[in-house]
Amino acid sequence: MITNSQFQDGSSAMNANGRQDLSGLWDFAFLPEGTSLGDHLAGLRFETLTVVPGCFDLMPEYYLRRGTGVYRRQVEAGGEMELISEGLGLRGEIHWDRQRIAVIDAPFSRRVIRFDAGKSGMHELIIAVNNEFDDTPSSLFHRDYDFYAHGGLFRPVTLAPASAIRADELKIIPLEPAEGTVRITVRFSGKTAGLTQAEVRFDRQGEPLILPLKDGIGEQVFQVPSPHLWSPDDPFLHTAEIQAGGEVFAVEFGLRKIECRAGKLYLNGRPLKLIGCNRHDAHPEFGYAVPLDIRLRDLTRLKQAGMNCIRGCHYPQSEEVLSLCDRLGILVWEESLGWGNNEAALTDPEFRARQIRETRNMAVKSVNHPSVIIWGFLNEARTDLEAARPLVKSLAETLREFDPSRPVTYGTCRLAKDVCLDLVDVISFNTYPCWYGFDQSQFCNKDDIRKNLSELVDFSSKPEFKEKPLLISEIGAEALPGIYGGQRWSEEYQADLLETVVRFVLDSDRCSGTFLWQYCDTRTFLSNASQSAAGGFNSKGLLDRYRNPKISWRRLSDLLTNKNSQKKED
Ligand code: ADA
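Parameters and conventions
- Residues numbered from 1 in each chain as written.
- Predicted model: local features only at pLDDT ≥ 70, side-chain atom pairs only at ≥ 80, totals over all residues.
- Heavy atoms only, no water.
- 1 Å grid on protein atoms, 1.4 Å probe; cavity = no way out; pocket = protein on both sides within 12 Å on 5 of 7 lines; lining within 4 Å.
- Points joined across faces, edges and corners; volume = space filled by probe spheres on them.
- Nonpolar A, V, L, I, M, F, W, Y, C, P; charged D, E, K, R; others polar.
- Near = heavy atom within 4 Å.
- Polar contact = N/O pair within 3.5 Å; in protein donor to acceptor, adjacent residues only side chain to side chain.
- Areas by Shrake-Rupley, 256 points an atom, 1.4 Å probe, with all protein chains shown as cover.
- Sits in = over half its atoms within 2 Å of the grid points.
- Salt bridge = Lys/Arg side-chain N within 4 Å of Asp/Glu carboxyl O.
- Helix = DSSP H or I, 4+ residues; strand = E, 2+ residues; numbered from the N terminus.
- Buried < 20%, exposed > 50% of the residue type's maximum accessible area, 1.4 Å probe, protein only.
- Pairing = 2+ DSSP bridges.
- Axes fitted to C-alpha atoms, helices over the stretch in contact; angles between N-to-C directions.
- Patch = residues over 30% accessible without salt bridge, like charges linked within 9 Å, V, L, I, M, F, W, Y side chains within 5 Å.
- Parallel < 35°, antiparallel > 145°, perpendicular 65-115°, else oblique.
- Left-handed = near helix turned anticlockwise from the far one by under 90°.
- Contact = heavy atoms within 4.5 Å.
- Expected span 1.5 Å × (residues − 1).
- Arc of directions from axis to C-beta.
- Core = buried A, V, L, I, M, F, W, Y, C linked by side-chain atoms within 4.5 Å.

K.L.:
Tell me about empty space enclosed by the protein, and please be specific about residues and values.
P.N.:
Under the criterion given, the structure shown has four cavities of 30 Å³ or more. Estimated volume of the second largest cavity: approximately 70 Å³. Residue lining of the second largest cavity: Phe147, Tyr148, His150, His280, Ala282, His283, Pro284, Tyr288, Asp521, Thr522 and Arg523, and that is the complete set. Looking at the lining of the second largest cavity, its residues break down into five nonpolar, four polar and two charged.

K.L.:
Explain the site of the ligand to me, using residue names and the numbers behind them.
P.N.:
Close to the ligand lie Asp146, His314, Trp339, Asn379, Glu380, Asn430, Tyr432, Tyr436, Glu474, Trp517, Asn538 and Lys540, which account for all nearby residues. In this structure, an oxygen atom belonging to the ligand sits 2.4 Å away from a side-chain N or O atom of aspartate 146. For the ligand, the protein covers 96% of the area, taking 320 Å² as the surface of the free molecule. Among the detected pockets, the ligand sits in the second largest pocket. A class-by-class count of the residues in the shell around the ligand yields four nonpolar, four polar and four charged.

K.L.:
A description of the pattern of salt bridges should follow, citing residues and the corresponding values.
P.N.:
Enumeration over the complete set of coordinates arrives at 46 salt bridges. A salt bridge links arginine 311 to glutamate 335, with the shortest nitrogen-to-oxygen separation between them at 3.0 Å. In this pair, arginine 311 is assigned in strand E25 (residues 309-312) and glutamate 335 in strand E26 (residues 331-335), connecting sequence segments 24 residues apart. Across this residue pair, the class does not change: arginine 311 and glutamate 335 are buried. Taking the shortest distance from any N to any O, the salt bridge between arginine 555 and glutamate 499 comes out at 2.7 Å. Here arginine 555, found in helix H9 (residues 551-560), pairs with glutamate 499, found in helix H8 (residues 491-507); they are 56 residues apart in sequence, far enough to count as distant. A network of salt bridges, in which partner residues are shared, links Asp105, Arg111, Glu350, Arg354, Arg357 and Glu358.

K.L.:
Before we move on, can you summarise the pairing of strand E11 (residues 157-161) with the specific residues and values?
P.N.:
For E11, the buried fraction is high: four of the five residues fall into the buried class. Bridge count for strand E2 (residues 20-21) against E11 is two bridges, and the pairing is antiparallel. For glutamine 20, the partnering residue across the bridge sits in E11 and is leucine 159. As judged from the five bridges shared by strand E6 (residues 80-85) and E11, these two strands associate in the antiparallel manner. Paired with methionine 81 across the bridge in E11 is proline 161.

K.L.:
Could you give an account of the sheet that holds strand E3 (residues 24-32), naming the residues involved and the relevant values?
P.N.:
Across a sheet, strands are paired by hydrogen bonds formed along the backbone, either parallel or antiparallel in direction. Overall, antiparallel pairing links the six strands, which are arranged E4-E3-E5-E10-E7-E8 in an open sheet. Every other strand in the sheet has two partners, leaving strand E4 (48-52) and strand E8 (99-104) as the edge strands with one partner each. Ignoring which end each strand starts from, the neighbouring axes of this sheet average 30° apart. As paired strands, strand E7 (residues 91-96) and E8 are joined by five bridges and run antiparallel to one another. The residue of E8 that forms the bridge with tryptophan 96 is glutamine 99.

K.L.:
Break down a nonpolar patch on the surface for me, with residues and values.
P.N.:
Taken together, the side chains of Leu25, Leu49 and Val51 present a nonpolar region at the surface, about 290 Å² in accessible area. Inspection of the secondary structure puts valine 51 in strand E4.

K.L.:
Residues and numbers for the packing of H8 against H9, please.
P.N.:
Contact geometry for H8 and H9: axes closest at 8 Å, N-to-C directions at 25°. The orientation of H8 relative to H9 falls into the category roughly parallel. The two elements H8 and H9 cross, and the hand of that crossing is right-handed. Between H8 and H9, the residues in contact are Glu491, Glu492, Gln494, Ala495, Asp496, Leu498, Glu499, Val502, Arg503 and Leu506 and Ile551, Ser552, Arg555, Leu556, Leu559 and Leu560, respectively. For the contact of H8 with H9, a count of residues per class yields eight nonpolar, two polar and six charged.

K.L.:
Describe helix H7 (residues 446-460), and please don't skip the residues or the numbers.
P.N.:
Between its first and last C-alpha, H7 extends 21 Å over 15 residues, near the 21 Å set by a 1.5 Å rise per residue. Where H7 is concerned, the buried positions are Lys446, Ile449, Asn452, Leu453, Leu456, Val457, Phe459 and Ser460. Looking straight down H7, one finds that the buried residues subtend no more than 165° of arc, so they occupy a single side. Relative to its buried face, H7 has exposed residues pointing more than 90 degrees away, namely Asp447, Lys451 and Asp458. On its buried face, H7 sits against strand E30 (427-430), strand E31 (470-474) and H8. Measuring from the side-chain oxygen of the N-cap residue of H7 to the backbone nitrogen of aspartate 447 gives 3.1 Å; that N-cap residue is asparagine 445.

K.L.:
Now, about the layout of surface pockets: what can you tell me, with residues and values included?
P.N.:
Taken as a whole, the second largest pocket holds about 630 Å³ of empty space. In terms of lining residues, the second largest pocket is bounded by 32 residues, among which Asp146, Trp339, Glu380, Tyr432 and Tyr436 are the most central. Across the lining of the second largest pocket, the residue classes break down as 13 nonpolar, twelve polar and seven charged.

K.L.:
Tell me what's going on with the sheet that holds strand E12 (residues 165-176), and back it up with residues and numbers.
P.N.:
Spatial strand order, E12-E13-E16: three strands in an open sheet with antiparallel pairing. Two strands close off the open sheet at either side, each with one partner strand: E12 and strand E16 (217-223). Neighbouring strand axes in the sheet, compared pairwise and without regard to direction, differ in orientation by 15° on average. By the bridge criterion, ten bridges tie E12 to strand E13 (residues 181-190) in an arrangement that is antiparallel. The residue bridging leucine 170 from the neighbouring strand is valine 186, located in E13.

K.L.:
Which residues make up the nonpolar core, and what are the values?
P.N.:
Counting 94 residues, the largest nonpolar core has Phe141, Phe377, Leu378, Val392 and Leu497 as the members making the most contacts within it. Here this core gets seven residues from one element, more than from any other, and that element is H8. Not counting the four nearest positions on each side in its chain, leucine 378 is found in contact with Ser336, Asn341, Leu346, Phe351, Gln355, Leu391, Val392, Leu395, Tyr410 and Gly411.

K.L.:
Give a detailed account of the side chain of arginine 311, specifying residues and quantitative values.
P.N.:
Arginine 311 gets classed as buried once you look at its relative accessible area, which sits at 0%. Side chain to side chain, arginine 311 and glutamate 474 meet in a polar contact 2.9 Å long. Discounting chain neighbours no more than four positions away, the residues touching arginine 311 are Cys277, Asn278, Arg279, Trp333, Glu335, Asn379, Gly411, Asn430, Ser473, Glu474 and Phe515.

This is the structure in structure tokens:
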């Protein structure tokens, strides 16, 4: 995150620049599904309190209800202000002194809203958040997604006086990390007339360096003094302060390089094997407003279990999660929002425009996080159809144009039928051997799993794909906590399956890694599918929904931390 005059540290204090974190208690009212806010705003009674960040559909009174949650609080403000919403669901309207000043139509995305707050003093801020489904093809969150569509202001909201100069984009791309060369690109707006340069200081040391500007835009290569590489073993962060027209923009970044070469991933010139989990940033009691403490525990224990990565499925990640990954040395695949999108969506002009806009927004938001090493989009879309190609191509090009330093990919379950793999840098398969669509044996058939993975390895070794690294971006099985015995749905079945996968990936020269499905059990929709979602939870977690370990977690952490390395698999 680019902040004025302070480094992002996940804290919630008001900073020197007067940014107020609006986390805390807000007045709250609920309008049931189908009720239009416009008709009710005037006479609305705020009878209860709620917490921001939070999900209103986890409050006991409105548990799992759809409708509009209306949040209100008084704030002190005046003149030109900037309100930042880090992420809400599923859409929001912002009202200032009862005037609508903005609409937010994308869940999980950051929005920066500049507006005239009027005279200095107390003002009323209302944010109405609606979690009803939009069933049109252009919608970014469809009701058939396999993760819960929570309603609420689930990421922070902050307010600050608008600065005269705004950093719409500020990116620091490491070129030769070991030598400390980086390319800094800035795009300022606001009072940029007559501004011919910005000044750059690294690590708060030395004389400022000059970054020439024209019309608020500048790009230059710099040498970071005393460069120190960032890596999972040594997650060292440098800082840069960029001063322009009296404003100081502070950024943290890391010196590291991710590359795809001859079918493999390399980090800082060394072959990289990714072993980790898909992680929904979700909790049964807090929804997508996961407390920092739980995020920290999740990521710390993942690392302690010998894993080195998460796939942030299936939406842009919060600033807190990425800051933690930067500091803990956890590698991240970050992706924009999408799930199983069908032909109607993929060919809908508005859906396409929204996908491109939000995918770019994600990259602008996260570009300086060294932990993010892969950009993704459109999980499990119908990429077996030619109709998907234009959007996949545009998304890949959008990301590469903004950031040529990271590979792009998407998780596909279309496997050999996929017709878009040539458009991305990494081949990423979501595959569920011995769970979906396979012989439904009672016990885990390890040979079937190895056979399925070997087929994917063979497929990806064809001449047209062999230069692209291969990832198993999802794989797993449901395990109901406390069900034992080795049969389907038991903890041992899942542990046997995942252990077989991890051993295969560790031994495979062709496969650059796997993101197991999934870190912990998460809320989804009740479905009729007999193979998933018992009780409204996806139970393929290695931990249960409250993060208690299942057998698979212990089994894999023993394997990955070498406690069990001598023991060969049967
Ligand atoms: C898919 C999907 C996940 C989840 C998983 C499952 O591949 O990408 O979000 O739904 O399968 O549990 O079936």
